[in-house]
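# Observations on chain architecture
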Amino acid sequence: MTHTVAVAGCTGYVGGEVLRLLLQHGDVEIGVLTGNSSVGDLLGAHQPHLAPLADRRVVATTVENLEGHDVVFLALPHGASADVARLLGDDTLVVDAGADHRLQDPALWEKFYGSPHAGTWPYGLPELPGQRDRLRGATRIAVPGCYPTSATLALLPAVAAGLVDSSQLSIVAASGTSGAGKAVKPNLIGSEVMGNASAYGVGGVHRHTPEIIQNLSLVTTEPVNVSFTPLLVPMARGILATCSAPILDGVDNARVRAVYEKAYGDEPFVDLLPEGIWPQTASVLGSNRTTIQVIVDAAAGRLIAIAAIDNLTKGTAGGAIQSMNIALGLPEGTGLSTIGVAP
């Protein structure tokens, strides 16, 4: 059976990545492509790498254009998805790549996003315990943020197994500029980014902080507290998340390694690397693969867990399609690859 798919926000980085992956998916037919300021343009003017779709015309993001498809991907700015989604029927699988439906706590949403909470949808991170069962047959999916994907997968086994003090989690994650979207911003122009690395959203104010806490709180009864510092670095795409936490008594490298091997041994898109090999963003470029390495810093009494993802693939569009596949009853890896692009 072929499923018809519409993509709203087709001219942005996430919309383009969704379309790139859908073009490799054997069980979908790409239908309407919608935008806002780009209405009437040919897609090729905005996504020249998507050659098979270059002559497709961008139409307005309206319910009339989106309805009638089996699946609708919403690659829209935060706050814009909810109004569109609520007008689409339950016979349509709606996959929201924005933040509108990720958080469970309305007060946290309003604190970090400054608008009314639109509700909570099944969360599109299949690697969370029990999450695949929640995604099967779902008609609404909230795609995780890119930073929460990398940080959650890095720390999840350690927190779930009680290896660390989860009230003292530290995350420093470096991201490429595509994570900020395609809109023109002075701090993202080439002359500002090249040869420069900078911190932003420091001090517990980044919007992905409550999402990371929410995810890790699902696997422990202990308090979860996160100090999260994001970094902007001069590359187009990728995230390298360096996560650490105090280890509890009796935790050593052998025990940590065993826990992570058990947690991820059967996961198709998470690889625990051989000892001594460290994740790097270049190795996962364009793939839905997460690479992870863990080690105990005995002198500091801390666990160090490092994860690398492509923020546009596993961090957004790839995770969205992985979750769509589960919801539709398709093989989870359909249209997705663990093979990166190098150099």
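Located above this text is the structure these notes cover.
Below is a short write-up of the structure.

Across soluble globular proteins, nonpolar side chains have a tendency to be buried as a group. Counting residues in hydrophobic clusters, the biggest one holds 41 residues, and the most contacted among them are Leu 169, Ile 171, Tyr 260 and Ile 292. Examining the composition of this core, we find that 9 residues originate from one element, helix α6 (residues 146-160), more than from any other. In this structure Ile 292 touches Leu 153, Ala 154, Tyr 260, Tyr 264, Val 270, Asp 271, Leu 272, Leu 273, Pro 279, Ile 306 and Ala 307, once residues within four positions along its chain are discounted. Among the nonpolar cores identified, the runner-up in size contains 31 residues, and Ile 30, Phe 73, Ala 317 and Leu 336 belong to it.

Within the element layout of this structure, Thr 220 appears in the loop between α8 (209-217) and β9 (226-232). A distance of 3.0 Å separates a polar atom in the side chain of Thr 220 from the backbone nitrogen of Glu 222. Residues in contact with Thr 220, not counting those within four places in the same chain, are Val 159 and Ser 166.

With that settled, consider the sheet that holds strand β10 (residues 239-246). If you walk across this open sheet you meet the 7 strands as β8-β9-β7-β10-β13-β12-β11, and the pairing is mixed. Of all the strands in the sheet, the pair left with one neighbour each is β8 (198-199) and β11 (270-272). In this sheet, strand β13 (residues 302-309) lies alongside strand β12 (residues 290-297) in antiparallel orientation, the contact comprising 7 bridges. Bridging across to β13, Ile 295 finds its partner in Ile 304. Relative to the sheet, α8 contacts β7 (169-175) and β9, its axis offset from that of β9 by approximately 130 degrees. Across the sheet, helix α9 (residues 253-264) is in contact with β11, β12 and β13; its angle to β12 comes to roughly 160 degrees.

Following the criterion strictly, the structure yields 3 aromatic pairs and no others. On the basis of an interplanar angle of 10 degrees and a centroid distance of 3.9 Å, the ring pair of Trp 109 and Tyr 113 is categorised as stacked. Placement of both Trp 109 and Tyr 113 in helix α4 (residues 106-113) is noted, with a separation of 4 residues, approximately one turn of the helix. Owing to a relative accessible area of 3%, Trp 109 belongs among the buried residues under this scheme. Arranged with centres 5.1 Å apart and planes meeting at 70 degrees, the rings of Tyr 147 and Phe 228 form a pair that is edge-to-face. Residue Tyr 147 is located in helix α6, and its partner Phe 228 is located in strand β9; the two are separated by 81 residues in the primary sequence. An identical accessibility class is assigned to Tyr 147 and Phe 228; each is buried. Lying across the ring of Trp 121, Arg 140 places its NZ or CZ 5.8 Å from the centre.

With 12 residues, α9 extends 16 Å from end C-alpha to end C-alpha; this agrees with the ideal 16 Å at 1.5 Å per step. Looking at α9, one finds that the buried residues are Val 256, Arg 257, Val 259, Tyr 260 and Tyr 264. An end-on view of α9 places all buried positions within 165 degrees of arc, on one side of the element. Turned more than 90 degrees away from the buried face of α9, the exposed residues are Ala 254 and Lys 262. Elements that come into contact with the buried residues of α9 comprise α6, β11, β12 and β13.

Definitions and limits used
Residues numbered from 1 in each chain as written. Predicted model: local features only at pLDDT ≥ 70, side-chain atom pairs only at ≥ 80, totals over all residues. Heavy atoms only, no water. Core = buried A, V, L, I, M, F, W, Y, C linked by side-chain atoms within 4.5 Å. Buried < 20%, exposed > 50% of the residue type's maximum accessible area, 1.4 Å probe, protein only. Helix = DSSP H or I, 4+ residues; strand = E, 2+ residues; numbered from the N terminus. Contact = heavy atoms within 4.5 Å. Polar contact = N/O pair within 3.5 Å; in protein donor to acceptor, adjacent residues only side chain to side chain. Pairing = 2+ DSSP bridges. Axes fitted to C-alpha atoms, helices over the stretch in contact; angles between N-to-C directions. Phe/Tyr/Trp six-rings, centres within 6.5 Å; stacked < 30°, edge-to-face > 60°. Lys NZ or Arg CZ within 6 Å of the ring centre and 35° of its normal. Expected span 1.5 Å × (residues − 1). Arc of directions from axis to C-beta.

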